[in-house]
Amino acid sequence: MDLHQVSAGSATDLFLTVVGGAEIRSRWTFARLAEAVDVEAARLRRQGIRRGDRVGVPAGPPDQFIVAWYALWSLEAVVVPLNPSAPADDWQRTLTIAQAQWLWVLPGTPVRLAAAPVREGDSGAGMILLTSGSTGHPKPVGLAAEQLWLVAREVQKAHQLSPSDHEFCPLPLFHVNALVVGVLTSWATGSRLTLPEDGFHRRVFWHQVQSVKPSWLNLAPSILSILMDEPPRKPLPPLRMVRSASAPLPALIRERVERDWGIPVIETYGMTEAGSQIAANPWPPDRRRPGTVGIGFGVAMRVVDQDGLPVSPGQAGEVEISGPTVIRPHWGPNRWARLRQGWYRTGDIGRLDADGYLTLEGRVRDLINRGGEKISPREVEEWLLQASGVQDVAVVGRPHPVLGEEPVAFVVPRETRESDRLPERLRVWAENGLDRFKRPADYYIVTRLPKGHTGKVQRQELRHWLLAGGGGH
């Protein structure tokens, strides 16, 4: 999409607001941003950046990052977003995995890195992102710009967004959700976007929302969980929905948010390999089905058995996806990707009903095999989260000499004074709501769970801790 297509005729229309703390730091109209992009693109061209070059760009401050990103795309270069607060070694790993040739440091001053070999298959503007690395091995995911614009249009369609909408997005800009559902969707829709300068902070969140008065919030379940203990300031701005993405949403959190805030929570499903959104509960809210992640938008979905054969509606299996927004094995760094008869294996377990609504039940690699009985960690977690005194919980499999595996639970208490009594209370709670084979064998009380930037629990870290004998913290 030509960045001037939206800005044409919108010289006074506000696009981007950046807030820091409870204050507004800057405001950008579509026209002003397009002009800044043209100036930056001219500077980068003079510095030697060409079509297909891969450029690492720290994702902050938000307005500087967006200008650099769009300028590089106008040169048909490839953007590699970097976590601005990560240490230098982390940057180096990301740049090496992405085979970046440049590092953008300040406006107009890219630094040339070690020359990378000529790569076949690069086709101009795009983005390289790293997977969350929950398996311990992050992979580079290359997505062409046109794929990401297509996803943005599908997000617009799913939520019936219009130029009168205004999104508030405190998610990190080096992650696909904020990049696509946040920035690209707002630009493609011609609507407003507010980004916090320093991401999400619970103490100023409602101050910021009250200040800019958005029509919808783009949040992750981890943020919603935190905000349950931070009552919203009444009256709420003209919010029409909360969009939940990036990790599974426990039913308890959805129900409490809807009760306390008085607005619907729209559950969605996405992944980096599909440019963010795969499925969403459609708007208006009476078409949603709570507990599901909705229907596919721009993506075909199917559920298959171990042999790759589609299962009947309502049966569980692995979710596979196909469509123009899904990772292309021959674009940029994607040669590691393997499609099965044109379908990408997501690694997620789910059920599709007869109307195409998808219910997710966990990850294939996270299933716990206890003596031949398969246990979904999410089912156990949903029940334990309803127990009094539980703030957060994660269930993983622990090796067992006879059964193969047994489930154990890592629990974050709401108050530290409840820690000593909580395991016994949870054993009783599990007996009242879970089949015997699903009940955790042990409960580990922890101060926090290891999570990635999007709020996903890093279960591999918990497994490594168990395999190491459970020493340390």
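What you see is a predicted model, and the numbers here were worked out from it, not measured in a lab.

With that out of the way, let us pick up the overall build of the chain. Across its full length, the chain holds 12 helices and 25 strands. Rg of the C-alpha trace for the chain: 23 Å, near the compact-globule value of 23 Å for 473 residues, within the 12% margin. The dimensions of the chain, computed from C-alpha atoms along their principal axes, are 65 × 55 × 50 Å. Looking at the chain residue by residue over its 473 residues, the buried ones come to 56%. Partitioning the contacts of the chain with sequence separation of at least 6, the portion at a separation of at least 24 is 66%. Summed over all atoms, the accessible surface of the chain reaches about 20500 Å², with 51% contributed by carbon and sulfur. Counting 55 positive and 51 negative side-chain charges, the chain places the averaged centre of each group 1 Å from the other.

Take the side chain of Gln208 next. As for its position among the elements, Gln208 is in helix H7 (residues 205-212). Taking the relative accessible area as the measure of exposure, Gln208 reaches 4% and is therefore buried. Aside from chain neighbours lying at most four places away, what touches Gln208 is Val19, Gly21, Phe168 and Pro196.

Together, Val105, Leu106 and Val111 line one region of the surface with nonpolar side chains, adding up to about 240 Å² of accessible area. Looking at where Val111 falls in the secondary structure, it is placed in strand E6 (residues 109-112).

This paragraph deals with the sheet that holds strand E14 (residues 276-280). Sheet strands pair by backbone hydrogen bonding; their relative direction is either parallel or antiparallel. An order of E2-E1-E10-E9-E11-E12-E13-E14-E15 is seen for the 9 strands of this open sheet, with the pairing classed as mixed. At either margin of the open sheet sits one strand with a lone partner, and together these are strand E2 (23-29) and strand E15 (295-296). Pairing between strand E12 (residues 241-244) and strand E13 (residues 265-271): 3 bridges, direction parallel. Across the sheet, the residue bridging to Val242 is Val265, located in E13. Along the sheet, helix H6 (residues 176-189) contacts strand E1 (14-20), strand E9 (166-168), strand E10 (192-196), strand E11 (216-219), E12 and E14; its crossing angle with E10, the most-contacted strand, is approximately 145°.

This part takes up the nonpolar core. One finds Trp69, Trp73, Trp261 and Ile321 to be the most contacted residues of the largest nonpolar core, which totals 99 residues. By size, the runner-up hydrophobic cluster in this structure holds 16 residues, among which are Val380, Leu384, Leu422 and Leu426.

On to the pattern of salt bridges. Side chains that carry opposite charge are capable of pairing whenever their charged atoms lie near each other. Applying the stated criterion across every chain, the model contains 27 salt bridges. With its nearest N and O atoms 3.3 Å apart, the salt bridge here joins Glu267 to Arg254. Taken together, the residues Glu267 in strand E13 and Arg254 in helix H9 (residues 251-261) connect sequence positions 13 residues apart. Exposure class is identical for Glu267 and Arg254. Each is buried. In the salt-bridge network here, residues are joined through shared partners; they are Asp366, Glu381, Arg459 and Arg463.

To continue, consider the confidence of the model for the chain. The pLDDT averaged across the chain works out to 90; a share of 93% of its residues lies at or above 70. Every residue in residues 7-11 scores below 50 in pLDDT, and together they form 7 contacts with partners more than four places removed in sequence or on other chains.

Each aromatic ring pair is characterised by the separation of its centres together with the angle its planes make. For the structure on display, the rule yields 16 aromatic pairs. With centroids separated by 5.0 Å and ring planes inclined at 20°, the aromatic side chains of Phe410 and Tyr444 adopt a geometry described as stacked. Placement of Phe410 in strand E24 (residues 404-413) and of Tyr444 in strand E25 (residues 443-445) is noted, with a sequence separation of 34 residues between them. Here Tyr444 falls in the partly exposed class, since its relative accessible area comes to 22%. Geometry around Trp28 places Arg32 over its ring, the cationic atom sitting 3.7 Å from the centre.

With that settled, the discussion passes to the sheet that holds E6. Taken in spatial order, the 6 strands of this open sheet run E6-E5-E3-E4-E7-E8, and their pairing is mixed. Looking at which strands have only one partner, the edges of the open sheet turn out to be E6 and strand E8 (140-144). The sheet shows a mean angle of 30° between the axes of neighbouring strands, taken without regard to direction. With 2 bridges connecting them, strand E3 (residues 54-58) and strand E5 (residues 102-106) associate as parallel partners. From the neighbouring strand, Val55 faces E5, where its bridge partner is Trp102. In this fold helix H3 (residues 62-74) packs onto E3, strand E4 (78-82), E5 and strand E7 (126-130), with an angle of close to 170° to the strand it touches most, E3.

Each value, and the rule that gives it
Residues numbered from 1 in each chain as written. Predicted model: local features only at pLDDT ≥ 70, side-chain atom pairs only at ≥ 80, totals over all residues. Heavy atoms only, no water. Helix = DSSP H or I, 4+ residues; strand = E, 2+ residues; numbered from the N terminus. Rg over C-alpha atoms; globule rule 2.2 N^0.38 Å. Buried < 20%, exposed > 50% of the residue type's maximum accessible area, 1.4 Å probe, protein only. Contact = heavy atoms within 4.5 Å. Areas by Shrake-Rupley, 256 points an atom, 1.4 Å probe, with all protein chains shown as cover. Lys, Arg positive; Asp, Glu negative; His and termini not counted. Charge placed at Lys NZ, Arg CZ, Asp CG, Glu CD. Patch = residues over 30% accessible without salt bridge, like charges linked within 9 Å, V, L, I, M, F, W, Y side chains within 5 Å. Salt bridge = Lys/Arg side-chain N within 4 Å of Asp/Glu carboxyl O. Pairing = 2+ DSSP bridges. Axes fitted to C-alpha atoms, helices over the stretch in contact; angles between N-to-C directions. Core = buried A, V, L, I, M, F, W, Y, C linked by side-chain atoms within 4.5 Å. pLDDT = per-residue confidence, 0-100. Phe/Tyr/Trp six-rings, centres within 6.5 Å; stacked < 30°, edge-to-face > 60°. Lys NZ or Arg CZ within 6 Å of the ring centre and 35° of its normal.

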